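# Inside the fold
Take a look at the letters that make up each chain.
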Amino acid sequence: MLRYDYVRPASVEEACAFLLKTPGRSCPIAGCTDFLVQVREKSARWKDLQYVVDLSALPELSGIRVEDGIVHVGAMTTHSAAEHSPVLAEHAPLLAAACASVGSPQIRNRGTIGGAVANASPASDPMPVLIALEANALVQGPNGQRTIPMSDMIVKPGKTALAPDEIILGFSFPSVAHMRTVFLKLGRRKALSISRMNVSLVVHQDAEGVIDHVALAPGCVFAAPDRARKAEALLLGRRPDAALIDDAAKAVADEMIERTGVRWSTEYKQPVITALVRRALENGTEVAE
Ligand SMILES: Cc1cc2nc3c(=O)[nH]c(=O)nc-3n(C[C@H](O)[C@H](O)[C@H](O)COP(=O)(O)OP(=O)(O)OC[C@H]3O[C@@H](n4cnc5c(N)ncnc54)[C@H](O)[C@@H]3O)c2cc1C
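These numbers were taken from a predicted model, which means no experiment stands behind them.

### Structural notes on the sheet that holds strand β3 (residues 51–54)
Read across the open sheet, the three strands follow the order β1-β3-β2; overall the sheet is parallel. The sheet is open, and its two edges are formed by β1 (5–7) and β2 (26–29), each paired on a single side. Across the sheet, the mean angle from the axis of one strand to that of its neighbour is 25 degrees, orientation sign disregarded. Pairing between β2 and β3: four bridges, direction parallel. Within β3, the residue paired with Ser26 across the bridge is Tyr51.

This is the structure we're talking about:
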C-alpha cells in the first residue's frame, strides 16, 4: 500500500518551498478526484510519493470575480461553484456549462478547475473552454509568479508546462458577456460520462452579421487541446450561412486527421466532430437566410 504524509501549508510561498525541497516526492492536492483514482490504480506517476500538499487553505486560490472586464477564477474553484456562479453566468456562460457537465454532483462538489487543468487529461471539459476564452493561468513557484497561456499549458496528455514546484493560482480571461458562446459535449451516456468529444465556441458578429471574432476549441480531437485555426480562418470576416458552417465543420475534421493521422477511431470521430461543430455554429451564430 502507498503511504504518504499530509502537509497543509499556510501560504503559497510555504507550499512552493515544500515542493522545491521534496522534488519528485510530493504532490499538490486539491479535490483529489483524479489523484485518488491514480493512487488506487497504482499509477507510476506517484511511485516515489511521500507527501501530499493540501492547497485548500490558501485564499489566493479561491474566488470568482470580475475586474475591469477581466474575469478571475481561482484554481480551487469547484465545478459546482463555477456551475452556480452569477459572475460566470454573465461573463463566461460556456465555462459554467462545461463545469455543470462534469461527472456527478459528488465529483463537481470536490473536483476543481485547477486540478482539471493540472491533470492534463485530453478528455477534460473545462480545458478547451479556457482555450476558447483565451485564458492565461497565473502560476507561482519558488522564484515568483508567471503567466502561462492556456493554449501552451498542455504539453502532451498527462503533462503540463508547470514545473514540479509550481502551483496554479488561477485563471483570467476577458469577459465574453457581449459575445455568443456555446459548449457542447458528447459523452458515452448521460450520467457520469467523461467527454467522448466536446466543442467550445466564442463568437461575435458585427451589425452586418459579419463574424469579427471567433474562437473554436474542440476537445478530445487533437493530441492536446487546441483551437481549430483552419475553421476559424474560414469563418472570420464572413457572414455565416449553411454552406459556410458546413465547410467550417468539415475543416475541423480535416485538421484533426491532418494533425493526428487516420486512427482506429477516425471512422467514428470524423462525422461526429463535424456534426458537433455544425451544431455549435448553428446555435452560436445568426445565420443568413
Ligand atoms: C467518476 C469521475 C467522473 C469524472 N467526470 C468528468 C467529466 O465528465 N469531465 C471532466 O472534465 N472531468 C471529469 N472527471 C475528472 C475530475 O473530476 C477533474 O479532472 C477534476 O477537476 C480534478 O480536480 P481535483 O481538484 O479533484 O484535482 P486533484 O485530483 O486534487 O489533482 C489532480 C492533479 O492536479 C494537480 N493539482 C491540483 N490542483 C493544482 C494546482 N492548483 N496547482 C498545481 N497542480 C494542481 C495535482 O497534483 C494532481 O496531479 C471525473 C472524475 C471522476 C473520478
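### Some details on the environment of Thr274
Relative to the assigned elements, Thr274 resides in helix α11 (residues 266–284). Owing to a relative accessible area of 9%, Thr274 belongs among the buried residues under this scheme. Residues Thr274 and Asp246 lie 28 residues apart in sequence; the distance between their C-alpha atoms is 8.1 Å. Dropping the residues within four chain positions of it, Thr274 is found in contact with Ala249, Lys250 and Ala253.

### Topic: the site of the ligand
In the neighbourhood of the ligand, 36 residues make up the surrounding shell, with Pro28, Thr33, Asp34, Thr112 and Asp125 lying closest. Contacts to the ligand include Asp34, whose side-chain N or O atom sits 2.5 Å from an oxygen atom. Gly103 places a main-chain nitrogen or oxygen 3.0 Å from an oxygen atom of the ligand. Here the ligand loses 90% of its free accessible area of 990 Å² to cover by the protein chains. Sorting the residues of the shell around the ligand by element identifies β2, α2 (35–40), α7 (113–119) and β10 (167–174) as the ones contributing at least two each. Here the shell around the ligand takes four residues from α7, the largest share from any one element. For the shell around the ligand, the residue count by class is 21 nonpolar, 11 polar and four charged.

### A closer look at the sheet that holds strand β5 (residues 70–74)
Here we have five strands laid out as an open sheet, ordered β4-β5-β10-β6-β7, and antiparallel in their pairing. Bordering the open sheet on either side are β4 (64–67) and β7 (144–149), each of which pairs with just one other strand. For this sheet, the mean inter-axis angle between neighbouring strands, taken without regard to orientation, is 25 degrees. The sheet contact formed by β4 and β5 spans four bridges and is antiparallel. Bridge assignment links Ile64 to a residue of β5, and that residue is Val73.

### Let's talk about the side chain of Asp165
With respect to the helices, strands and loops of the structure, Asp165 is situated in the loop between β9 (159–160) and β10. No salt bridge is formed by the buried Asp165; its nearest oppositely charged neighbour, Arg146, is found at 8.0 Å. With residues up to four places along the chain from it excluded, the contact list for Asp165 reads Cys16, Leu19, Leu20, Gln140, Gly141 and Pro142.

### Looking at the packing of aromatic side chains
This model, assessed by the stated rule, comprises three aromatic pairs. Aromatic side chains Phe18 and Tyr51 sit 5.0 Å apart centroid to centroid with 90 degrees between the ring planes, which places their arrangement in the edge-to-face category. Here Phe18, found in helix α1 (residues 12–21), pairs with Tyr51, found in strand β3; they are 33 residues apart in sequence, far enough to count as distant. For Tyr51, a relative accessible area of 22% puts it in the partly exposed group. Each ring, one from Phe35 and one from Trp46, has its centre 5.4 Å from the other, and the planes form 65 degrees; the classification is edge-to-face.

About the thresholds
Residues numbered from 1 in each chain as written. Predicted model: local features only at pLDDT ≥ 70, side-chain atom pairs only at ≥ 80, totals over all residues. Heavy atoms only, no water. Pairing = 2+ DSSP bridges. Helix = DSSP H or I, 4+ residues; strand = E, 2+ residues; numbered from the N terminus. Axes fitted to C-alpha atoms, helices over the stretch in contact; angles between N-to-C directions. Buried < 20%, exposed > 50% of the residue type's maximum accessible area, 1.4 Å probe, protein only. Contact = heavy atoms within 4.5 Å. Near = heavy atom within 4 Å. Polar contact = N/O pair within 3.5 Å; in protein donor to acceptor, adjacent residues only side chain to side chain. Areas by Shrake-Rupley, 256 points an atom, 1.4 Å probe, with all protein chains shown as cover. Nonpolar A, V, L, I, M, F, W, Y, C, P; charged D, E, K, R; others polar. Lys, Arg positive; Asp, Glu negative; His and termini not counted. Salt bridge = Lys/Arg side-chain N within 4 Å of Asp/Glu carboxyl O. Phe/Tyr/Trp six-rings, centres within 6.5 Å; stacked < 30°, edge-to-face > 60°.

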